[in-house]
Amino acid sequence: MTRQKEKRILHYWIIVAILLCSVILLVLCNLGIGSVSIHAKDVVKCLTSGTVDDTVQGIVRDIRLPRTLAALILGGALALSGYLLQTFFHNPIAGPFVLGISSGSKLTVSLVMVFLLGKAVSISSAALIGAAFVGAMLSMGFVLLMSKRVSSMSRLVVCGVMIGYICSAITDFVVTFADDADIVNLHNWSRGSFSGMAWGNLPAMAAVVFVAAGSVFVLSKPIGAYQLGESYAKQMGVNLRGIRILLILLSSILSACVVAYAGPISFVGIAVPQLTKQMLGTNKPIFMIPACFLGGSVFCLLCDLIARTVFAPTELAISTVTAVFGAPVVLWVMATRKKSNP
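Residues numbered from 1 in each chain as written. Predicted model: local features only at pLDDT ≥ 70, side-chain atom pairs only at ≥ 80, totals over all residues. Heavy atoms only, no water.

### Concerning the overall build of the protein chain
A count of helical and extended segments in the protein chain gives 15 helices and 0 strands. Here the C-alpha radius of gyration of the protein chain, 20 Å, is about what a compact globule of 342 residues would show, namely 20 Å. Projected onto its principal axes, the C-alpha positions of the protein chain cover 60 × 55 × 35 Å. When burial is assessed residue by residue, the protein chain has 49% of its 342 residues classed as buried. Sequence separation of at least 24 residues holds for 76% of the intrachain contacts in the protein chain that already meet a minimum separation of 6. When the accessible surface of the protein chain is totalled, it reaches about 16500 Å², and 66% of it is carbon and sulfur. (Helix = DSSP H or I, 4+ residues; strand = E, 2+ residues; numbered from the N terminus. Rg over C-alpha atoms; globule rule 2.2 N^0.38 Å. Buried < 20%, exposed > 50% of the residue type's maximum accessible area, 1.4 Å probe, protein only. Contact = heavy atoms within 4.5 Å. Areas by Shrake-Rupley, 256 points an atom, 1.4 Å probe, with all protein chains shown as cover.)

This is how it looks when you write it as structure tokens:
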């Protein structure tokens, strides 16, 4: 192993360690900071089954901890979904929100919830994820059809944005004219939020996200070959059609899971992969995949903390905060793209 390669690997582990420490710190901050401030010692006692006031224990374990874990899991899923889409389209500004995939998921989930809640039928986590996946695949199908008709990537992105606007308009129309009070509350969900998470949501969420993320990591080698060009990937024995299908399916599953539980969240899928790439100094999947997941967790934990606390007791939509931090990154990527390699 050359000295330069050893330095790169050491640099990678340092970045991963920083991200892990950031995740732990932000988890503790999310559990302790809020409309009711809880001392760090009490937070640790709640997590370690120590003796603590019942009210404090209820706030930490039953309200804040499920929400924090959801932000951690779904943030990583959204960033990883964006990375897969950027790899598939070979474009740094491709992402589930920009291409209309999140909006498609939002539409189908809203329709399912309106239909079932209107008939007083409970909805399982699997049903929500399934509905979101159908919407994601429909939107992705339109984007892929348009990709065969437009010559430039910029036009394809515009087509994705238009698909997103159409889906959002239909969703807002359905939610606005719903009669049931619970259905009307979908308006808050449609703007993106981690609030209302319960322990019952976490098992299905974690299973879907971690299985998908593990599958992505297993595909690190063929994804890396695909990044270097189709001809190179063929020479390496990569099944191009198969890897494309897997990239679409896995990115759609990850994005659908996020929308099913937290609604559409903007800019995370674009900004985090680009920031992670800059920190690591490489776009190799074996390094990017775990670092990107951790980066998405850090980003969403921080944004959720800001959304809850800056104007407390009023809570901001999570997409409002992610847009404040993510949109400048997108502008920076677009401004500097011609000066660097894609």
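### Overview of the layout of surface pockets
Roughly 1000 Å³ of internal volume is contained in the largest pocket. Looking at the lining of the largest pocket, the elements that each hand over two or more residues are α1 (3-32), α3 (54-89), α10 (220-227), α13 (268-280), α14 (285-309) and α15 (318-336). The leading source of residues in the lining of the largest pocket is α10, at 6 residues. Of the residues contributing to the lining of the largest pocket, the split by class is 19 nonpolar, 15 polar and 6 charged. (1 Å grid on protein atoms, 1.4 Å probe; cavity = no way out; pocket = protein on both sides within 12 Å on 5 of 7 lines; lining within 4 Å. Points joined across faces, edges and corners; volume = space filled by probe spheres on them. Nonpolar A, V, L, I, M, F, W, Y, C, P; charged D, E, K, R; others polar.)

### Some points on the packing of aromatic side chains
Scanning the model with the defined rule gives 4 aromatic pairs in all. Ring centres of F88 and F89 lie 4.8 Å apart, and the angle between their planes is 85 degrees; on these two criteria the pair is classed as edge-to-face. In terms of burial, F88 and F89 fall into one category: buried. With centroids separated by 6.1 Å and ring planes inclined at 40 degrees, the aromatic side chains of F210 and F293 adopt a geometry described as tilted. Here F210 is found in helix α9 (residues 202-218), whereas its partner F293 is found in helix α14, with 83 residues between them in sequence. (Phe/Tyr/Trp six-rings, centres within 6.5 Å; stacked < 30°, edge-to-face > 60°.)

### Regarding the side chain of S193
Among the secondary structure elements, S193 is positioned in the loop between α8 (186-190) and α9. We classify S193 as buried; its relative accessible area is 13%. Within the structure, S193 has its side chain in polar contact with the side chain of S195 (distance 2.8 Å). (Polar contact = N/O pair within 3.5 Å; in protein donor to acceptor, adjacent residues only side chain to side chain.)

### Digging into a nonpolar patch on the surface
Together, I24, L28, V44 and L47 give the surface a local cluster of nonpolar side chains, amounting to about 330 Å² of exposed area. Secondary-structure elements contributing two or more residues to the nonpolar patch are α1 and α2 (40-47). Among the structural elements, L47 can be located in helix α2. (Patch = residues over 30% accessible without salt bridge, like charges linked within 9 Å, V, L, I, M, F, W, Y side chains within 5 Å. Salt bridge = Lys/Arg side-chain N within 4 Å of Asp/Glu carboxyl O.)

### Brief notes about the nonpolar core
If you look at the biggest cluster of nonpolar residues, it comprises 98 residues, and the most contacted ones within it are L74, F89, F194 and M205. For this core, the element with the most residues is α3, which contributes 18 residues. With residues up to four places along the chain from it excluded, the contact list for M205 reads A70, I73, L74, M197, C257 and Y261. Within the second largest apolar cluster, 8 residues are counted, among which are I93, V98, V330 and V333. (Core = buried A, V, L, I, M, F, W, Y, C linked by side-chain atoms within 4.5 Å.)

### Regarding the pattern of salt bridges
Taken as a whole and judged by the stated rule, the model has 3 salt bridges. Note that R67 and E315 form a salt bridge whose closest N and O atoms lie 2.6 Å from each other. Here E315 lies in the loop between α14 and α15 and R67 lies in helix α3, a separation of 248 residues in the sequence. Where R244 meets E230, a salt bridge forms, and the shortest distance between an N and an O atom there is 2.4 Å. Taken together, the residues R244 in helix α12 (residues 240-262) and E230 in helix α11 (residues 230-235) connect sequence positions 14 residues apart.

### Side note on the packing of α3 against α14
Running from N to C, α3 and α14 cross one another at 135 degrees; their axes reach a closest spacing of 7 Å. Taken as axis vectors, α3 and α14 run oblique relative to one another. Classified by chirality, the crossing of α14 by α3 is right-handed. For the pair α3 and α14, contact is made by R64, R67, T68, A71, L72, I73, G75, G76, A77, A79, L80 and Y83 and by P285, M288, I289, C292, F293, G296, S297, C300, L301, D304 and R308, respectively. Split into classes, the residues belonging to the contact of α3 with α14 amount to 14 nonpolar, 5 polar and 4 charged. (Axes fitted to C-alpha atoms, helices over the stretch in contact; angles between N-to-C directions. Parallel < 35°, antiparallel > 145°, perpendicular 65-115°, else oblique. Left-handed = near helix turned anticlockwise from the far one by under 90°.)

Structural measurements only, silent on function.
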